[in-house]
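So the chains spell out like this:
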2 protein chains.
Amino acid sequence: MSLGEFSIIERYFTSRSHRDDVLLGVGDDAALLKLPPGMQLAVSIDTLVAGRHFPADTAAEAIGHKALAVNLSDMAAMGAEPAWATLALTLPEPDPIFIEAFAGGFFRLAQAYGIELVGGDTVRGPLTVTVQIHGLVPDGEALLRSGACPGDYLYITGNLGDAGGGLGLRQGGNCSDSQAAAELLARLDYPEPRVAEGCALRGVASAAIDISDGLLADLGHILERSGCAAEIDLGALPLSPALRGCVTNQQERLKLALSAGDDYELCFAVPPHRRSELEALSRSWSCAVSCIGRVSEGAGITLKGEGSDALQGLVAGFDHFRR
Amino acid sequence: MSLGEFSIIERYFTSRSHRDDVLLGVGDDAALLKLPPGMQLAVSIDTLVAGRHFPADTAAEAIGHKALAVNLSDMAAMGAEPAWATLALTLPEPDPIFIEAFAGGFFRLAQAYGIELVGGDTVRGPLTVTVQIHGLVPDGEALLRSGACPGDYLYITGNLGDAGGGLGLRQGGNCSDSQAAAELLARLDYPEPRVAEGCALRGVASAAIDISDGLLADLGHILERSGCAAEIDLGALPLSPALRGCVTNQQERLKLALSAGDDYELCFAVPPHRRSELEALSRSWSCAVSCIGRVSEGAGITLKGEGSDALQGLVAGFDHFRR
């Protein structure tokens with residue numbers, strides 16, 4: 001970190017949340033953190049590159065929000081309580097307007113979840129944002145990708161395909177319904193991580209993942225790790241009114257729901273004897289929850305319902321790409 | 001992480017060290033780690049950008065080594081035992097030759113220190129390497145920047161200015177002594193973090209930092225945090241035979257020792273009553289240790305000895321830049 005950059009961190013990136021378990025925050029060679037007994041540390045790191053993970057013209061505030069949100073989403077998928085973040089920010093130039101807006105988006109979300117920024121590095125280079133998140137999960141209670149069993153029900157929080165619809169708009173697509181368009185763009189730029197929902201799923205879900213790369217890709221990870229197959233009911237995929245308003249073709253909507261990424265909803269499996277528990281607890285959630293299919297024996301994903309013949313090719317193409 | 005990138009991580013970045021305290025490594029939404037009781041978690045994140053933090057023509061193996069080494073050096077400066085690393089790698093293209101060499105350099109160093117790679121993200125973009133290191137330090141024993149007191153002696157491990165000399169060579173400088181030139185370039189490309197030395201300093205040093213930005217800048221951080229001044233004896237600055245062989249002008253050598261970065265030696269303060277303890281324990285170290293001056297009351301750094309009049313301007317220029 002150069003000296004000029006040091007003052008950037010001091011000025012804009014002083015954490016606005018202060019936690020008792022941070023013994024030493026930004027400003028030394030490392031932060032010092034204290035874990036409570038009986039808890040495991042969950043860590044995840046994610047990089048967003050301008051023009052690849054977000055359109056180059058994305059608002060600085062949205063970039064700050066999203067860089068943290070995608071990491072919080074990883075904690076949600078583990079059933080871990082996010083606690084501390086570090087930020088490595090590569091900037092073409094130390095533009096105070098950009099940095100202030102970026103920090104605004106980052107810290108608004110951090111404060112909402114009580115997360116303290118405990119370390120960072122700001123360097124000059126092409127715009128790239130790396131965030132590492134650290135969370136806490138009680139011993140043995142983390143949600144893994146590997147626990148799904150044949151017979152488990154598959155669920156999704158919220159709606160699928162919205163961020164993909166928003167990306168289409170950002171890339172020049174049209175939508176006559178301006179309210180719907182604004183909703184899709186907000187879902188692309190300001191994803192809401194399902195942290196409370198992920199933590200509530202401890203002891204209920206047998207496996208979980210967050211949908212960053214699209215349902216087929218991410219459910220594929222659960223199935224691969226769990227050694228199972230799945231059947232998905234296309235008619236059960238949760239599509240928002242906004243997506244229906246902007247994307248008129250149902251096949252296109254389903255394609256977005258299956259393979260567009262960036263929704264940061266949770267996909268999770270629930271054993272049959274836990275279904276009523278899930279349904280009771282999800283009543284207090286701020287987002288809907290939808291049962292979209294079941295885990296079965298074997299491997300791969302089978303689509304069912306109207307349009308499945310045309311869309312099954314998506315699954316095959318995805319399998320091919322993975323090898 | 002895209003699917004093609006997933007296979008890159010799987011193929012080249014499967015950790016070659018496996019620790020019992022890693023409950024879940026690469027391959028889920030987060031890694032799960034267990035801290036022993038009585039230990040604090042030390043975390044630090046650092047980014048290296050091609051052409052800024054290392055010359056663009058640096059060997060891939062050296063980039064992999066250095067990205068981890070600079071983080072291990074932060075642990076050394078805290079007196080923390082490094083344990084787990086995460087890696088966010090932005091690559092222009094998934095070139096297997098580059099990646100294999102990079103991973104070779106990274107993992108050789110990781111294995112030497114028993115560090116497990118527990119998470120990562122590989123994305124496409126301009127070459128940028130971010131590593132976060134996680135270390136363990138007994139409760140209350142971390143070495144901070146803030147503990148130096150007037151009267152403390154200031155020490156440096158190893159030699160100063162070698163990496164700066166190496167950078168001069170890489171940027172087109174000449175050295176008739178090819179053996180000396182090779183040594184300086186090795187110090188630039190393959191810095192050796194002083195991890196064992198940093199851990200041994202717990203309970204002995206009152207403050208410590210690693211020298212990444214140059215002695216004046218980094219000692220300045222100790223002094224600022226400790227509310228002290230320092231006097232440095234130029235004649236005591238440790239200069240290697242290789243630096244003497246390649247840089248014939250003594251003022252130039254001292255300038256490199258004072259202000260060139262990238263040496264990753266430790267600079268630390270030792271109270272007078274701990275000096276004999278330090279001298280006893282440093283006898284078993286693989287690097288030399290040199291007393292270069294003392295902490296005093298006030299603020300700022302005063303240079304003493306031959307050449308100090310000409311070089312005091314470096315200190316002033318540095319102070320000016322920091323504001």
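Keep in mind the model is a prediction, meaning the values are calculated, not measured.

Colleague: Describe the overall build of chain A, with residues and values.
Modeller: For chain A, the count of helices and strands is eleven helices and twelve strands. Its C-alpha atoms give chain A a radius of gyration of 20 Å, near enough to 20 Å, the size a compact globule of 323 residues would have. The buried share of chain A, reckoned over its 323 residues, is 53%. Of the contacts formed within chain A by residues at least 6 apart in sequence, a portion of 87% connects residues at least 24 apart.

Colleague: Summarise the pairing of strand β6 (residues 128-138) of chain B; cite the residues concerned and give the values.
Modeller: Residues and elements named next belong to chain B. The buried count for β6 comes to nine of eleven residues, which makes it a mostly enclosed element. Pairing of strand β3 (residues 39-49) with β6, which is carried by eleven bridges, proceeds in the antiparallel orientation. Along β6, the bridge assignment pairs Val49 with Thr128. Bridge analysis of strand β4 (residues 81-91) against β6 gives nine bridges, and the strand direction is antiparallel. In the strand pairing of β6, Pro82 is matched with Gly135.

Colleague: Can you tell me about the sheet that holds β4(B), naming the residues and giving the values?
Modeller: Spatial ordering of the open sheet is given by β1(A)-β2(A)-β3(B)-β6(B)-β4(B)-β5(B), a layout of six strands whose pairing is mixed. Either end of the sheet is taken by a strand with one partner, and the two such strands are β1 (22-24) of chain A together with β5 (116-124) of chain B. Going across the sheet, the axis of each strand differs from the next one's by a mean of 20 degrees, ignoring polarity. Relative to the sheet, helix α2 (residues 60-78) of chain B contacts β3, β4 and β6 of chain B, its axis offset from that of β6(B) by approximately 30 degrees.

Colleague: So what's going on with the interface of chain A and chain B? Residues and values would help.
Modeller: Listed by partner, the interface residues are 49 residues for chain A and 49 residues for chain B. Here the element with the most residues in the side of chain A that touches chain B is strand β3 (residues 39-49) of chain A; it accounts for nine residues. A per-class count over the side of chain A that touches chain B returns 27 nonpolar, eleven polar and eleven charged. As paired elements, strand β2 (residues 31-33) of chain A and β3(B) share three bridges and run antiparallel to each other. Bridging across to β3(B), A:Leu33 finds its partner in B:Leu41.

Colleague: Can you break down the domain arrangement of chain A residue by residue, with the values?
Modeller: Many authors give the size of an interface as the accessible area that is lost as the parts come together. All names here are of chain A. Examined at the domain level, chain A breaks down into domain 1 (3-138) and domain 2 (153-322). Here domain 1 and domain 2 have C-alpha centroids that lie 27 Å from each other. Between domain 1 and domain 2, the residue contacts involve 18 residues of the former and 18 residues of the latter. Listing elements by their share of the side of domain 1 that touches domain 2, those giving two or more residues are α2 (60-78) and β4 (81-91).

Colleague: Residues and numbers for the relation of the copies chain A and chain B, please.
Modeller: Structural alignment of chain A on chain B gives an RMSD of 0.0 Å, achieved by rotating through 180 degrees and translating 0.0 Å along the axis. On this basis, the relationship between the two copies can be described by a two-fold rotation axis. A share of 100% of the interface residues of chain A reappears at the interface of chain B, consistent with the copies meeting face to face through the same patch.

Colleague: Hey, could you go over unusual backbone geometry for me, with residue numbers and the actual values?
Modeller: Although it is not a glycine, A:Asp262 sits at a positive phi angle of roughly 75 degrees. Along the chain, the position of A:Asp262 falls in the loop between α9 (250-259) and β10 (266-270). Its 22 C-beta neighbours within 10 Å are what place A:Asp262 among the buried residues. The phi torsion at B:Tyr264 lies on the positive side, around 55 degrees, for a residue other than glycine. Mapped onto the elements of the fold, B:Tyr264 is located in the loop between α9 (250-259) and β10 (266-270).

Colleague: Describe α2(B), and please don't skip the residues or the numbers.
Modeller: All names here are of chain B. With 19 residues, α2 extends 28 Å between its outermost C-alpha atoms, agreeing within 8% with the 27 Å of an ideal straight helix rising 1.5 Å per residue. Burial of α2 is extensive: 17 of the 19 residues sit out of reach of the surface. Looking at the residues trailing α2, positive phi occurs at Gly79, about 70 degrees.

Colleague: Provide a residue-level description of the environment of B:Ser286, including the pertinent values.
Modeller: Residues and elements named next belong to chain B. One can find Ser286 in the loop between α10 (275-281) and β11 (289-296). Residue Ser286 is classed as exposed on the basis of its C-beta count, with 10 C-beta atoms lying within 10 Å. The spatial distance from the C-alpha of Ser286 to the C-alpha of Leu144 is 23 Å, given a sequence separation of 142 residues.

Colleague: Account for the nonpolar core, naming residues and giving values.
Modeller: Formed by 202 residues in total, the largest nonpolar core has its most connected members in A:Ala42, A:Cys267, A:Phe268, B:Ala42 and B:Phe268. A:Ala42 has contacts with A:Met75, A:Met78, A:Ala80, A:Gly135, A:Val137, A:Ala142, B:Ala30 and B:Leu32, leaving out every residue within four places of it along the chain.

Colleague: Break down the packing of helix α4 (residues 162-170) of chain B against helix α5 (residues 178-189) of chain B for me, citing the residues and quoting the values.
Modeller: To characterise two packed helices, one gives the angle between the axes of the helices and the distance between these axes. All names here are of chain B. Where α4 contacts α5, the axes come no closer than 7 Å and their chain directions differ by 110 degrees. The orientation of α4 relative to α5 falls into the category roughly perpendicular. Mapping the contact onto sequence places Asp162, Ala163, Gly165, Gly166, Leu167, Leu169 and Arg170 in α4 and Ala181, Leu184, Leu185, Arg187 and Leu188 in α5. Here the contact of α4 with α5 is composed, by residue class, of seven nonpolar, two polar and three charged.

Definitions and cut-offs
- Sequence order sets the numbering: in each chain, residues are counted from 1 along the sequence as written.
- Lettering of chains starts at A and numbering of ligands starts at 1, both following the order in which they are written.
- A pLDDT threshold of at least 70 governs which residues receive local features in this predicted model, and a stricter bar of 80 or more applies before side-chain atom pairs are shown or counted, although totals over entire chains, interfaces and linings include all residues.
- A run of H or I in DSSP counts as a helix once it spans at least four residues, and a run of E counts as a strand once it spans at least two, with each numbered from the N terminus.
- Based on C-alpha atoms, the radius of gyration is set beside the globule rule, defined as 2.2 Å times the residue count to the power 0.38.
- With C-beta atoms placed from the backbone, a residue counts as buried when 20 or more other C-beta atoms lie within 10 Å of its own, as exposed when 12 or fewer do, and as partly exposed for counts between those limits.
- By definition, residues are in contact whenever their C-beta atoms, placed on the basis of the backbone, come within 7 Å of each other.
- Strands qualify as paired when DSSP identifies two bridges or more between them.
- Helix axes are fitted only over the stretch in contact, all axes being lines through C-alpha atoms; the angle between N-to-C directions runs from 0 to 180 degrees.
- Under the convention adopted here, Pro, Cys and the residues Ala, Val, Leu, Ile, Met, Phe, Trp and Tyr are nonpolar, Asp, Glu, Lys and Arg are charged, and Gly plus all remaining residues are polar.
- An automatic or database domain assignment provides the domain bounds reported here.
- Here the copies are matched by least squares. The fit uses the C-alpha atoms of residues with pLDDT of at least 70 in both.
- Given a helix with a known number of residues, its expected span is that number minus one, times 1.5 Å.
- As used here, a nonpolar core is made of buried Ala, Val, Leu, Ile, Met, Phe, Trp, Tyr and Cys residues. They are joined through C-beta atoms within 7 Å.
- Should an angle fall under 35 degrees it is taken as roughly parallel, and over 145 as roughly antiparallel, whereas 65 to 115 is taken as roughly perpendicular and any remaining angle as oblique.

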